[in-house]
Amino acid sequence: MDHEQKKSLVSYLRFAAAQPKGFTYRAKTTSAAVTTPTDGKSKKELLAALYANYAKCMACPLAEQGRSQVVFGVGNPNAQLMFIGEAPGRDEDLKGEPFIGRAGQLLTKIIEAMGLTREQVYISNVVKCRPPENRTPLPNERNTCKDLLLFKEIDIIKPKIICTLGAPSTQGLLGDEIRISEVRGTFREFRGIQVLPTFHPAYLLYNPSEKRTVWEDMQKIMARLTEL
Ligand code: URA
């Protein structure tokens, strides 16, 4: 049993211990897999409950460094494909929606070129509050936020494929030692989910010649989605 399975098991045992006498857990499948208890709630409801808990999050220093609001993920809670960026910028901080500024508009075009819409995929960030001057989130900010929010979002949505955009989200999922130059365009795994790292759209704004590379990565994702 690996670390993640142990964590799921402990979480289930805690849940079971809190249930009234006579409670029986009805697993949906006959496999021995332990699933996170959902209390029969839809993914949309589970995400709403998660976000409600952190709307006024004070867990890391970004809470007091000028953010207007916590910017949670958006899109289809049942999405097969999830994009994860770095952190909200000024536009996102003001509007409360990820990827709506210049880089976001480019991401939207990429999604549409894949034959999808923003409403069909899920879009989130590894860090949910805007860092001052749009600096790169610090490791402690990233680690706090991914444990409290991102990993729970992923556990609820359970997409088939995650596309990490840029180094911070790639390292957030695959490990701090990972170099995006080494893993970009290759499928990796996080909690049994296929992860394909690619360049961040903000990088493409300054390096438009790499748009072709990102498009090749998106084609790999589209091909893999039809196989899964
Ligand atoms: N860059 C990101 O990584 N995320 C956003 O939401 C916007 C810009």
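Residues numbered from 1 in each chain as written. Predicted model: local features only at pLDDT ≥ 70, side-chain atom pairs only at ≥ 80, totals over all residues. Heavy atoms only, no water.

Caption draft 1: Molecular detail of the environment of Y54. Looking at the element boundaries, Y54 is found in helix 2 (residues 43-54). As a C-alpha pair, Y54 and L148 span 94 residues in sequence and 8.5 Å in three-dimensional space. If we ignore the near neighbours within four places in the chain, the residues touching Y54 are V70, F72, L148, L149 and K152. (Helix = DSSP H or I, 4+ residues; strand = E, 2+ residues; numbered from the N terminus. Contact = heavy atoms within 4.5 Å.)

Caption draft 2: Region of interest: the pairing of strand 6 (residues 193-198). Most of strand 6 sits inside the fold, with six of its six residues counted as buried. Side chains I193, V195 and P197 of strand 6 all project onto a buried face; the interleaved residues Q194, L196 and T198 project onto the opposite face, where all are buried too. As defined by bridge partners, strand 4 (residues 161-165) adjoins strand 6 across five bridges and the pair is classed as parallel. Bridging from a neighbouring strand, I162 pairs with V195 of strand 6. As paired elements, strand 5 (residues 188-190) and strand 6 share three bridges and run antiparallel to each other. Opposite E189, over in strand 6, you have Q194 as the bridge partner. Counted along the chain from strand 5 to the antiparallel partner strand 6, the turn is two residues long, and its residue R191 has a positive phi close to 50°. (Buried < 20%, exposed > 50% of the residue type's maximum accessible area, 1.4 Å probe, protein only. Pairing = 2+ DSSP bridges.)

Caption draft 3: Expanded view of the nonpolar core. Ranked by size, the top nonpolar core spans 32 residues in total, and within it M82, I84, L150, I154, I162 and L173 carry the most contacts. Elements with a contribution of two residues or more to this core: helix 2, strand 2 (81-85), helix 5 (139-157), helix 6 (167-174) and strand 6. The contacts of I162, once residues within four sequence positions are left out, are M82, I84, I154, L173, I193, Q194, V195 and L196. Core analysis: the next-biggest nonpolar cluster, separate from the first, contains 20 residues, F83, M114, C163 and L204 among them. (Core = buried A, V, L, I, M, F, W, Y, C linked by side-chain atoms within 4.5 Å.)

Caption draft 4: Just the packing of aromatic side chains, in detail. What the rule picks out here adds up to three aromatic pairs. An angle of 15° between the planes, with centres 4.4 Å apart, marks the rings of Y51 and F72 as stacked. Taken together, the residues span a long stretch of sequence, with Y51 in helix 2 and F72 in the loop between helix 2 and strand 1 (74-75) at a distance of 21 residues. For F72, a relative accessible area of 13% translates into the label buried. Ring geometry for F199 and Y203: centres 4.8 Å apart, planes at 40°, overall tilted. (Phe/Tyr/Trp six-rings, centres within 6.5 Å; stacked < 30°, edge-to-face > 60°.)

Caption draft 5: Here's a closer look at the sheet that holds strand 4. Taken in spatial order, the six strands make up an open sheet running 1-3-2-4-6-5, and their pairing is mixed. The sheet is open, and its two borders are formed by strand 1 and strand 5, each paired with just one other strand. With four bridges joining them, strand 2 and strand 3 (residues 122-125) adopt parallel strand pairing. Following the sheet pairing, M82 is matched in strand 3 by Y122. In the packing of helix 5 onto the sheet, contacts are made with strand 2, strand 3, strand 4, strand 5 and strand 6, and the angle to strand 2 comes to roughly 170°. (Axes fitted to C-alpha atoms, helices over the stretch in contact; angles between N-to-C directions.)

Caption draft 6: Molecular detail of the site of the ligand. For the ligand, the full set of nearby residues is G85, E86, A87, P88, E92, P98, F99, N125 and H200. Separating an oxygen atom of the ligand from a backbone N or O atom of E86 is a distance of 2.7 Å. With respect to the ligand, the backbone of F99 contributes an N or O atom lying 2.9 Å from an oxygen atom. Look at the ligand: alone it shows 230 Å² of surface, and the protein chains cover 91% of it. Tallied by class, the residues present in the shell around the ligand amount to four nonpolar, three polar and two charged. (Near = heavy atom within 4 Å. Polar contact = N/O pair within 3.5 Å; in protein donor to acceptor, adjacent residues only side chain to side chain. Areas by Shrake-Rupley, 256 points an atom, 1.4 Å probe, with all protein chains shown as cover. Nonpolar A, V, L, I, M, F, W, Y, C, P; charged D, E, K, R; others polar.)

Caption draft 7: Helix 6, seen in detail. With seven of eight residues buried, helix 6 is to be regarded as a mostly interior element. Turning to helix 6, its buried residues are P168, S169, T170, Q171, G172, L173 and L174. Considering only its buried residues, helix 6 is in contact with strand 2, helix 5, strand 4, helix 7 (180-183), strand 5 and strand 6. Positive backbone phi, approximately 125°, marks G175, located one or two places after helix 6.

Caption draft 8: Examining helix 4 (residues 102-113) more closely. The end-to-end C-alpha distance of helix 4, which contains twelve residues, comes to 17 Å, matching closely the 16 Å that a straight helix rising 1.5 Å per residue would cover. For helix 4, the complete set of buried residues consists of A103, G104, L106, L107, T108, I110 and I111. Contacts from the buried residues of helix 4 go to strand 2, strand 3, strand 4, helix 8 (201-206) and helix 9 (211-227). Just past helix 4, the residue G115 takes up positive phi, approximately 85°. (Expected span 1.5 Å × (residues − 1).)

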